[in-house]
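As a plain string of letters, each chain reads:
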Amino acid sequence: MKLLSPDELETALRDIGARRYHRLHPFHHLLHGGKCTKGQVQAWALNRYYYQAMIPVKDASLIARCTDADIRREWRRRMVDHDGTQPGEGGIARWLKLTDGLGLDRDYVTSLAGILPATKFAVDAYVHFVAEKTLLEAIASSLTEMFSPVIISERMAGMLANYDFITRETLSYFDKRPPQAQRDADFALNFVKRDARTPQQQQAVLAALEFKCSILWSMLDALYHAYVSPGHVPPGAFVPEDR
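Conventions and cut-offs
- Residues numbered from 1 in each chain as written.
- Predicted model: local features only at pLDDT ≥ 70, side-chain atom pairs only at ≥ 80, totals over all residues.
- Heavy atoms only, no water.
- 1 Å grid on protein atoms, 1.4 Å probe; cavity = no way out; pocket = protein on both sides within 12 Å on 5 of 7 lines; lining within 4 Å.
- Points joined across faces, edges and corners; volume = space filled by probe spheres on them.
- Helix = DSSP H or I, 4+ residues; strand = E, 2+ residues; numbered from the N terminus.
- Nonpolar A, V, L, I, M, F, W, Y, C, P; charged D, E, K, R; others polar.
- Contact = heavy atoms within 4.5 Å.
- Polar contact = N/O pair within 3.5 Å; in protein donor to acceptor, adjacent residues only side chain to side chain.
- Core = buried A, V, L, I, M, F, W, Y, C linked by side-chain atoms within 4.5 Å.
- Buried < 20%, exposed > 50% of the residue type's maximum accessible area, 1.4 Å probe, protein only.
- Salt bridge = Lys/Arg side-chain N within 4 Å of Asp/Glu carboxyl O.

### Considering empty space enclosed by the protein
Enumeration over the complete set of coordinates arrives at two cavities of 30 Å³ or more. In terms of lining, the largest cavity is formed by 26 residues, of which the most central are R48, Y51, E145, S148 and R177. Of all the elements in the fold, those that place two or more residues in the lining of the largest cavity are α3 (38-64), α4 (69-83), α9 (148-162), α10 (173-195) and α11 (199-227). Considering each element in turn, the lining of the largest cavity owes the most residues, six residues, to α3. Among the residues making up the lining of the largest cavity, the classes are represented as eleven nonpolar, six polar and nine charged.

Structure follows, in structure tokens:
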């Protein structure tokens, strides 16, 4: 196990994204290519809501054990991005505009009653990972944001072009995310390149990003299994009207 230079570490991280990021998942190819039914799009948005809603919880746990004020100040911006500074603002509120626009009852969405069990297990595993692993690993797990601007551009273009039930306003969540994600990714990348000083720390950083990619991939696996093929919806989970 050799010590990588900071640039070699960045190359290794980007290689993980090139091979394992969930934009490669078959469900996303269907979603962005206009091949999903409205019910399948609803199921995606409903389940993804839980991930969006838990991001500030995950970030709060990181801040709570961080002794560096500079990092805390930087990381607080992520919470504000998602929670806003008052009700009706922020990324979570904009995600609810998406579920509203798709015809899902807001109380039903926020109750989490219809999410897949695998969605809950995956998101909760991510929250626990950030709370329990080292600060270096917790920050490294956020580096999927390096790859999100590409998937967002694909999603915006594909969904607007292919679904008559999708509008620009419905997708307003994605308008603000690319610059936020780029800012956050730049900070996290610089942090891990600077602070992963041993081969063991570098391997932990790479493993953290692989873990996060696996979380996102497993969420789409569950959606595909329940709503595409073989179509086994677990008891209690959302059942689309067009099923």
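### So, the environment of K193
Of note, K193 is situated in helix α10. In this structure the C-alpha to C-alpha distance between K193 and E8, which are 185 residues apart in sequence, comes to 9.3 Å. Those residues in contact with K193 that sit more than four places away from it in its chain are P6, D7, L9 and E10. Of note is the side chain of K193, whose polar atom sits 2.7 Å from the side chain of E10.

### Remarks on the nonpolar core
With 76 residues, the main nonpolar core has L13, V41, W44, L143 and V192 as its most contacted residues. If near-sequence neighbours (up to four positions away) are discounted, V192 is found in contact with L9, L13, L136, I139, A140, L143 and V205.

### Thoughts on the layout of surface pockets
When its volume is computed, the largest pocket comes out at roughly 170 Å³. Among the elements that line the lining of the largest pocket, the one with the most residues is α3, at three residues. When the residues that make up the lining of the largest pocket are grouped by side-chain class, the tally is five nonpolar, three polar and four charged.

### A look at the pattern of salt bridges
In total, this model carries 18 salt bridges according to the counting rule given. Between D7 and K193 there is a salt bridge, with its nearest N and O atoms 3.7 Å apart. Of this pair, D7 sits in helix α1 (residues 6-20) while K193 sits in helix α10; the two residues are 186 residues apart in sequence, bridging distant segments of the chain. The shortest N-O distance in the salt bridge between R14 and E10 comes to 3.0 Å. Within this pair, R14 and its partner E10 are both found in helix α1, separated by four residues, close to a single helical turn. Given a relative accessible area of 37%, R14 falls into the partly exposed group.

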